[in-house]
Amino acid sequence: MTKTATGKVVIGKKVPDFKAVTTDGNEWRLKEAAGSNVVLFFYPKDMTPGCTIEAQEFRDLQAQFRRAKTQVVGISRDSCTSHQKFRTKENLNYELLSDEEESLCKLFDVIREKNMYGKKVFGIERSTFLIGADGLVKEEWRGLKVPGHVEEVLKAVKALKKAA
């Protein structure tokens, strides 16, 4: 496991193994995805407009991600109960991980100060990471806008497949 001096993941470095709880209460481990690509997308909150659209777009392109031997995993600070409601309501066909203690958010450095209705709060900056089958971070998108993003991630996944 390679970590940077700051303990954060960076492009070209191996992501340390981690585990988190899924919507159904099971444990998901990165090392169990070895041999396939993984797309981790961090989003601020279940059932909010931008997060719902992003989740739906990953859902709608899931078959293409699977054909490219890539697992899609969504992560937020919401509880498993909230994730289960979100997953059921939107018919999501991939795992959602609960990071209530922010350990993954800190590892991937996605917590940022935001301005919500004139008040400063800390929350997840919408971010996506593409981890190759070799465990290395291949791409990252930070502070992104939802329109066109999922297609851009799929394009990067397909480019990895061609390069292999």
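This write-up is about the structure you can find in this document. (Residues numbered from 1 in each chain as written. Predicted model: local features only at pLDDT ≥ 70, side-chain atom pairs only at ≥ 80, totals over all residues. Heavy atoms only, no water.)

**Overview of the environment of Ser127**
Condition: Every helix listed is a DSSP run of H or I at least four residues long, and every strand listed is a run of E at least two residues long, numbered separately from the N terminus. The classification of residues rests on relative accessible area computed with a 1.4 Å probe and restricted to protein chains. Under 20% of the type maximum is buried, over 50% is exposed, and intermediate values are partly exposed. Whether two residues touch is decided by their heavy atoms; if any such pair falls within 4.5 Å, the residues are in contact.
Within the secondary structure layout, Ser127 lies in strand 8 (residues 127–131). Judged by its relative accessible area of 0%, Ser127 is buried. Separated by 87 residues in the primary sequence, Ser127 and Leu40 have C-alpha atoms spaced 8.4 Å apart. With near-sequence residues (within four places) excluded, Ser127 lies in contact with Leu40, Phe41, Phe42, Val110, Trp141, Arg142, Gly143 and Leu144.

**Concerning a positive patch on the surface**
In plain terms, the rule: Distance thresholds for patches are 9 Å for like charges and 5 Å for nonpolar side chains (Val, Leu, Ile, Met, Phe, Trp, Tyr), applied to residues having over 30% relative accessible area and no salt bridge. What sets the accessible areas is the Shrake-Rupley method with a 1.4 Å probe; for residues, cover comes only from the shown protein chains. By definition here, a salt bridge exists when the distance from a side-chain nitrogen of Lys or Arg to a carboxyl oxygen of Asp or Glu is within 4 Å. His is not counted here, nor are the chain ends, while Lys and Arg score as positive and Asp and Glu score as negative. By convention, the point assigned to a charge is CZ for Arg, NZ for Lys, CD for Glu and CG for Asp.
On the surface, Arg67, Lys69, Lys158, Lys161 and Lys162 cluster together into a patch of positive charge. Broken down by element, the positive patch gets its largest block of residues, three residues, from helix 5 (residues 149–163). Residue Arg67 is classed as exposed on the basis of its relative accessible area of 56%.

**Considering the pairing of strand 4 (residues 70–76)**
To keep it simple, the criterion reads: Any two strands between which DSSP finds at least two bridges are classified as paired. Every crossover in which the path from the first strand over the helix to the second runs clockwise, viewed with the strands pointing away from the viewer, is termed right-handed.
The buried fraction of strand 4 amounts to six of the seven residues, a majority that puts the element mostly inside the structure. By the bridge criterion, six bridges tie strand 3 (residues 37–42) to strand 4 in an arrangement that is parallel. In the strand pairing of strand 4, Phe42 is matched with Ile75. Where strand 4 meets strand 5 (residues 95–98), four bridges bridge the pair, whose relative direction is parallel. Note on strand 5: the bridge partner recorded for Val73 is Glu95. For the crossover that starts at strand 4, traverses helix 3 (residues 80–90) and ends in the parallel strand 5, the hand is right-handed.

**With respect to the side chain of Asp99**
Threshold: As used in this structure description, the phrase polar contact means that two N or O atoms lie within 3.5 Å; if the pair is within protein, one of them must be able to donate a hydrogen and the other to accept it, and residues adjacent in sequence are counted only when both atoms belong to side chains.
Position of Asp99 among the secondary structure elements: in the loop between strand 5 and helix 4 (103–107). Of the buried charged residues, Asp99 lacks a salt bridge, with Arg77 as the closest side chain of opposite charge at 7.5 Å. A distance of 3.0 Å separates a polar side-chain atom of Asp99 from the backbone nitrogen of Ser103. With sequence-adjacent residues up to four places away left out, Asp99 is seen in contact with Ile75, Ser76, Arg77, Asp78, Leu104 and Cys105.

**Quick word on the packing of helix 1 (residues 49–60) against helix 5**
Heads up, the condition is: All axes are obtained by fitting lines to C-alpha atoms, using only the stretch in contact for helices, and the reported angles, taken between N-to-C directions, cover 0 to 180 degrees. An angle counts as roughly parallel when it lies under 35 degrees, as roughly antiparallel when it exceeds 145, as roughly perpendicular when it falls between 65 and 115, and as oblique in every other case. Should the near helix be turned anticlockwise from the far one by less than a right angle, the crossing is termed left-handed; should it be turned clockwise, right-handed. Each residue receives one of three labels: charged for Asp, Glu, Lys and Arg, nonpolar for Ala, Val, Leu, Ile, Met, Phe, Trp, Tyr, Cys and Pro, and polar for the others, Gly being one of them.
Contact geometry for helix 1 and helix 5: axes closest at 9 Å, N-to-C directions at 40°. In terms of orientation, helix 1 lies oblique with respect to helix 5. Two packed elements cross with a definite hand, and for helix 1 against helix 5 that hand is right-handed. From helix 1, Glu54, Glu57 and Phe58 reach across to helix 5, where they touch His149, Val150, Glu151 and Val153. Across the contact of helix 1 with helix 5, the residue classes tally to three nonpolar, one polar and three charged.

**Things to note about helix 5**
For the record, the criterion: A helix's residues, less one, multiplied by 1.5 Å, set its expected span. Working note: the arc is built from the helix axis to C-beta atom directions.
The end-to-end C-alpha separation of helix 5 is 21 Å, in line with the 21 Å expected for 15 residues at 1.5 Å each. Three or more residues of helix 5 are buried, namely His149, Val150, Val153, Leu154, Ala156 and Val157. For helix 5, the angular spread of buried residues about the axis comes to 160°, placing them on one side. Exposed side chains of helix 5 directed beyond 90 degrees from the buried face belong to Lys155, Lys162 and Ala163. Lining the buried residues of helix 5 we find strand 3, helix 1, helix 2 (62–67), strand 4, strand 8 and strand 9 (137–142).

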